[in-house]
Amino acid sequence: MQSSAPVRATDPRPARTRAAIVRAVEGLAADASTEITVNAIARAAGVSRSAFYAQFADLDDLAVAMLVDAFRDIGLDDLRARDDHDADLRTLAVAANRRMLAHIGSRSAFYRASLDWRLSGRVHESVVAAYAQQVLATIRLLGVRVPRTVHAEDTARFIAGGAIAMLTAWLRDDAPAEQDAMAERLVAVMPEWLVGSD
């Protein structure tokens, strides 16, 4: 007779702390005049600095985690919608980009500030890689609609790098385009086989 070790319950406290930190950033970002620092985030989240650092190495790590989570969630929603083969690709692509821009726009003070931090190349690469994973999943879902000459991984990385460059310019702009207009601009530079046509 084999005895199995008791299964330990997962401690929910780290997840609650992480969620409180993200909510705090969202609250602080609502006021563009508020400086978003680790101290301000910890205070707003009701956690200690050490609790912040137990979850995130620094503000860069927090920004990347928030973007990666957003890309994943938006990508999953987009893939579910694209699974309906009758769905209009262009409408889905614009909707996914609108959701991404809404996420970034509602936290623009935080993300805009992050552009002025001394970000490592690793941070930029992580954000591009996360975006590329969602593009790659879409490419794979499209299957036979993708031209045979397309190298899926290279194309996903290329699209992600360009999209992140456009989003960075949008965040830095003193008078950024409206989110709907920016979503259309992002889709306009992507290949038709990926996003459909007008």
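Residues numbered from 1 in each chain as written. Predicted model: local features only at pLDDT ≥ 70, side-chain atom pairs only at ≥ 80, totals over all residues. Heavy atoms only, no water.

**Considerations on the packing of aromatic side chains**
Then step 1. Scanning the entire structure with this criterion turns up four aromatic pairs.
Then step 2. Look at phenylalanine 52 and phenylalanine 56: their rings are 5.8 Å apart centre to centre, the planes differ by 45°, and that puts the pair in the tilted class.
Then step 3. We classify phenylalanine 56 as buried; its relative accessible area is 2%.
Then step 4. Arranged with centres 5.6 Å apart and planes meeting at 50°, the rings of phenylalanine 110 and tyrosine 111 form a pair that is tilted.
Then step 5. Judged by relative accessible area, which is 0%, phenylalanine 110 ranks as buried. (Phe/Tyr/Trp six-rings, centres within 6.5 Å; stacked < 30°, edge-to-face > 60°. Buried < 20%, exposed > 50% of the residue type's maximum accessible area, 1.4 Å probe, protein only.)

**Here we look at empty space enclosed by the protein**
Then step 1. Applying the stated criterion across every chain, the model contains two cavities of 30 Å³ or more.
Then step 2. In this structure, the largest cavity occupies an estimated 270 Å³ of space.
Then step 3. Forming the walls of the largest cavity are 17 residues, and the residues nearest its centre are Asp78, Ala96, Asn97, Tyr131 and Val135.
Then step 4. Broken down by secondary-structure element, the contributors of at least two residues to the lining of the largest cavity are helix H4 (59-82), helix H5 (89-106), helix H7 (121-142) and helix H10 (192-195). (1 Å grid on protein atoms, 1.4 Å probe; cavity = no way out; pocket = protein on both sides within 12 Å on 5 of 7 lines; lining within 4 Å. Points joined across faces, edges and corners; volume = space filled by probe spheres on them. Helix = DSSP H or I, 4+ residues; strand = E, 2+ residues; numbered from the N terminus.)

**Let's talk about the nonpolar core**
Then step 1. With 63 residues, the main nonpolar core has Ile41, Leu62, Phe110 and Tyr131 as its most contacted residues.
Then step 2. Ranked by the residues each element gives to this core, the list is headed by H7, at ten residues.
Then step 3. Apart from the residues within four sequence positions on either side, tyrosine 131 is in contact with Phe71, Asn97, Met100, Ala160, Ala163, Ile164 and Met190. (Core = buried A, V, L, I, M, F, W, Y, C linked by side-chain atoms within 4.5 Å. Contact = heavy atoms within 4.5 Å.)

**Section: the packing of helix H8 (residues 152-172) against helix H9 (residues 179-188)**
In a packed pair of helices, the relevant descriptors are the angle between the two axes and the axis-to-axis distance.
Then step 1. Running from N to C, H8 and H9 cross one another at 155°; their axes reach a closest spacing of 11 Å. Judged by the angle between their axes, H8 and H9 are roughly antiparallel. Between H8 and H9 the crossing geometry is right-handed. Contacts from Ala163, Met166, Leu167 and Trp170 of H8 reach H9 at Gln179, Met182, Arg185 and Leu186.
Then step 2. Across the contact of H8 with H9, the residue classes tally to six nonpolar, one polar and one charged. (Axes fitted to C-alpha atoms, helices over the stretch in contact; angles between N-to-C directions. Parallel < 35°, antiparallel > 145°, perpendicular 65-115°, else oblique. Left-handed = near helix turned anticlockwise from the far one by under 90°. Nonpolar A, V, L, I, M, F, W, Y, C, P; charged D, E, K, R; others polar.)

**Thoughts on the pattern of salt bridges**
Then step 1. What the rule picks out here adds up to eight salt bridges.
Then step 2. A salt bridge links aspartate 73 to arginine 72, with the shortest nitrogen-to-oxygen separation between them at 3.1 Å.
Then step 3. For arginine 140, the salt bridge goes to glutamate 153, with nearest N and O atoms at 3.0 Å. Of the two residues, arginine 140 sits in helix H7 while glutamate 153 sits in helix H8, which places them 13 residues apart along the sequence.
Then step 4. Owing to a relative accessible area of 32%, glutamate 153 belongs among the partly exposed residues under this scheme. (Salt bridge = Lys/Arg side-chain N within 4 Å of Asp/Glu carboxyl O.)

**Quick look at the environment of phenylalanine 110**
Then step 1. If you trace the backbone, phenylalanine 110 turns up in helix H6 (residues 108-114).
Then step 2. In sequence terms phenylalanine 110 and leucine 28 are 82 residues apart; their C-alpha atoms lie 8.0 Å from each other.
Then step 3. Not counting residues within four places of it along the chain, the set of residues in contact with phenylalanine 110 comprises Val25, Ala29, Ile36, Leu59, Leu62, Ala63, Met66 and Trp117.

**Some details on helix H2 (residues 38-45)**
Then step 1. Every buried residue of H2 is accounted for by Val38, Ala40, Ile41, Ala42 and Ala45.
Then step 2. Remark: glycine 46 follows H2 within two positions and exhibits a positive phi of approximately 75°.

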